[in-house]
Amino acid sequence: MRPLRLACLLFCLAAPALAAGSQNLVNELAVRVVNKSTPELCAERDNVELDFISPDVRHMEIQATHPAYIGMINTDRWAPDFSACNIPHGEGALPRKTFYESPTLWLTGLTDPDFWRPANVPIRVGDHVEPGFNYIQLWMLSRERAEEILVMYPSDGNWRIRPLPYGDMRWTAYGSSFQIGPLEMQEGPGGARPVVAISDIAFDPAKKAFTLNFKRGGSATVTLKQVDQDHVALDVSYSGAMPDSLPFAAMRSMYTNEGNSDVARIAWREKDGKGWGESPVLSFPGALATEVWAGRNAPSRHNLSAPDMVFSHFQR
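Now for a quick tour of the structure. (Residues numbered from 1 in each chain as written. Predicted model: local features only at pLDDT ≥ 70, side-chain atom pairs only at ≥ 80, totals over all residues. Heavy atoms only, no water.)

1. Some words on the packing of aromatic side chains
Here's step 1: Taken as a whole and judged by the stated rule, the model has 15 aromatic pairs.
Here's step 2: Both rings, one in Phe99 and one in Phe133, keep their centres 5.3 Å apart while their planes meet at 25 degrees; by these two values the pair is stacked. On the criterion of sequence distance, the pair formed by Phe99 in strand β4 (residues 96-101) and Phe133 in the loop between β7 (128-130) and β8 (135-142) is long-range, its members being 34 residues apart. The exposure classification of Phe99 matches that of Phe133, with both residues buried.
Here's step 3: Taken together through their ring pairs, the aromatic side chains of Phe52, Tyr100, Trp159, Phe178, Phe203, Phe210, Tyr238, Phe248, Phe311 and Phe314 make up a single cluster. (Phe/Tyr/Trp six-rings, centres within 6.5 Å; stacked < 30°, edge-to-face > 60°. Helix = DSSP H or I, 4+ residues; strand = E, 2+ residues; numbered from the N terminus. Buried < 20%, exposed > 50% of the residue type's maximum accessible area, 1.4 Å probe, protein only.)

2. Notes on empty space enclosed by the protein
Here's step 1: Taken as a whole, this structure holds 1 cavity of 30 Å³ or more when the rule is applied.
Here's step 2: In terms of lining, the largest cavity is formed by Glu147, Glu148, Arg162, Pro163, Pro165, Arg170, Trp171 and Thr172. (1 Å grid on protein atoms, 1.4 Å probe; cavity = no way out; pocket = protein on both sides within 12 Å on 5 of 7 lines; lining within 4 Å. Points joined across faces, edges and corners; volume = space filled by probe spheres on them.)

3. A few points about the pattern of salt bridges
Here's step 1: Taken as a whole and assessed by the stated rule, the structure comprises 10 salt bridges.
Here's step 2: For Arg45, the salt bridge is made with Glu40, and the minimal N-O distance between the two is 3.1 Å.
Here's step 3: Judged by relative accessible area, Arg45 falls into the partly exposed class, the value being 28%.
Here's step 4: Note that Arg216 is salt-bridged to Asp244, the shortest N-O span being 2.6 Å. Pair noted here: Arg216 is in the loop between β15 (209-214) and β16 (219-227) and Asp244 is in the loop between β17 (231-238) and β18 (249-253), with a separation of 28 residues, a long-range link.
Here's step 5: With relative accessibility at 37%, the residue Arg216 sits in the partly exposed group.
Here's step 6: Where salt bridges share partners, they join Glu28, Arg269 and Glu291 into one cluster. (Salt bridge = Lys/Arg side-chain N within 4 Å of Asp/Glu carboxyl O.)

4. What to know about the nonpolar core
Here's step 1: One finds Phe52, Ile180, Tyr238 and Phe248 to be the most contacted residues of the largest nonpolar core, which totals 63 residues.
Here's step 2: Counting residues in each nonpolar core, the second largest holds 8 residues, with Leu110, Trp116, Tyr135 and Tyr174 among its members. (Core = buried A, V, L, I, M, F, W, Y, C linked by side-chain atoms within 4.5 Å.)

5. Points about the environment of Asn47
Here's step 1: Along the chain, Asn47 turns up in the loop between β1 (31-35) and β2 (48-53).
Here's step 2: For the pair Asn47 and Lys36, spaced 11 residues apart in sequence, the C-alpha separation works out to 8.3 Å.
Here's step 3: Setting aside chain neighbours within four positions, we find Asn47 in contact with Lys36, Ser37, Thr38, Pro39, Glu40, Ser253, Met254, Tyr255 and Leu282. (Contact = heavy atoms within 4.5 Å.)

Right, here's the structure in full:
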């Protein structure tokens, strides 16, 4: 197998592997994408933020796809890097509870006493209600083993998703997170943070769908549409416009430099545009976009196997 340095020569100049969002172009909607990213030295602090804003959106799709160089990874990297950080950190197993289980799909919840917001969002599956967790993990059976493909943080509305491990790999890393619903700022440790305040969550195992009811009003249904060894796709539908013209979604990630990042570049497609725009993440000017890709063309020391993210299929 060729080493990563040679793989970079082959792939770094190639166009990013973008989703099939160019289909069904007639009904697609352009949304405003605002870049709130800032420079950062600490590799464990989310300094990348893209906000998605539109009063008309009632549907979108979110995908996580393996990076272009995934097949060239010999040794993965996923350990945290606190070398330039002044934030407290620790390790240790958290209490975990399985609160839904079938032969091929199950949900577990974890409680973290150090999480910055309380675990007080009720989670319902059928007639069973859990009072709240800081993390919810969705697992599925694949190739005779359990694979965690989704983690959701009910306390602040963050999500992470990842495809099934590529090829013969046993595991791949999570990377960027995203939020679904009316995005607002709330004070937390270290300053204000973006939050989606959720009043309660219901999970429908038959549809593989989470329904989120928001404290500001309205709801969204997030359905696991497809998952395989290349990508995972979520279908998101909203009950109405976001209150107070707040963003309907956001992506968060980290970037210190191109060799130490979860996201280094942004590519976007405008409605009726003749091609893709591309930019380094910190200098991305924002756009009216019908599809956005956020990822890496070159390998990084941080979460080497973490997926690229694609936001598309914005519709009324």
